[in-house]
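Close look at the chain arrangement
Each chain is listed here by its residues.
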Amino acid sequence: MNITCDFEGQVALVTGAASGMGIDTARAFAKAGAATTLADVSEAPLQQAVDQITAAGGKAIGVVCDVADEA
């Protein structure tokens, strides 16, 4: 099954975005046209993920944070 979605003009927030399912999800949103915000606790891998998406023509920023910590 090949599902295509158009997220042009939308913003996606992906947590755990530096690896695994998170980076795959962020790439998919960016490929579909979304401006993607990637959040993760690991700064270096997060920046690599942002760089990969922007190098491929996507719009992405990274935010270092721990979403499990309310503070």
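As annotated in an unreviewed UniProt entry, the chain carries the name Short chain dehydrogenase and is attributed to Azotobacter beijerinckii. Listed under Sequence similarities (unreviewed entry) in UniProt, the entry text for the chain is "Belongs to the short-chain dehydrogenases/reductases (SDR) family."

With that settled, the discussion passes to the side chain of Asp40. Looking at where Asp40 falls in the secondary structure, it is placed in strand β2 (residues 35-40). Excluding anything up to four places from it in sequence, Asp40 contacts Gly16, Ala17, Ala18, Leu46, Val63, Val64 and Cys65.

Of all hydrophobic cores here, the largest spans 12 residues; its members are Val14, Ala17, Ala18, Ile23, Ala26, Ala30, Leu38, Leu46, Ala49, Val50, Ile53 and Ala60. Sorting the residues of this core by element identifies α1 (20-31) and α2 (43-55) as the ones contributing at least two each. At four residues, the largest contribution of residues to this core is made by α2. If we ignore the near neighbours within four places in the chain, the residues touching Ile23 are Gly16, Ala17, Ala18, Leu38, Ala49, Gln52 and Ile53.

Conventions adopted
- Residues numbered from 1 in each chain as written.
- Predicted model: local features only at pLDDT ≥ 70, side-chain atom pairs only at ≥ 80, totals over all residues.
- Heavy atoms only, no water.
- UniProt positions renumbered as here; feature names shortened; annotations may be inferred.
- Helix = DSSP H or I, 4+ residues; strand = E, 2+ residues; numbered from the N terminus.
- Contact = heavy atoms within 4.5 Å.
- Core = buried A, V, L, I, M, F, W, Y, C linked by side-chain atoms within 4.5 Å.
- Buried < 20%, exposed > 50% of the residue type's maximum accessible area, 1.4 Å probe, protein only.

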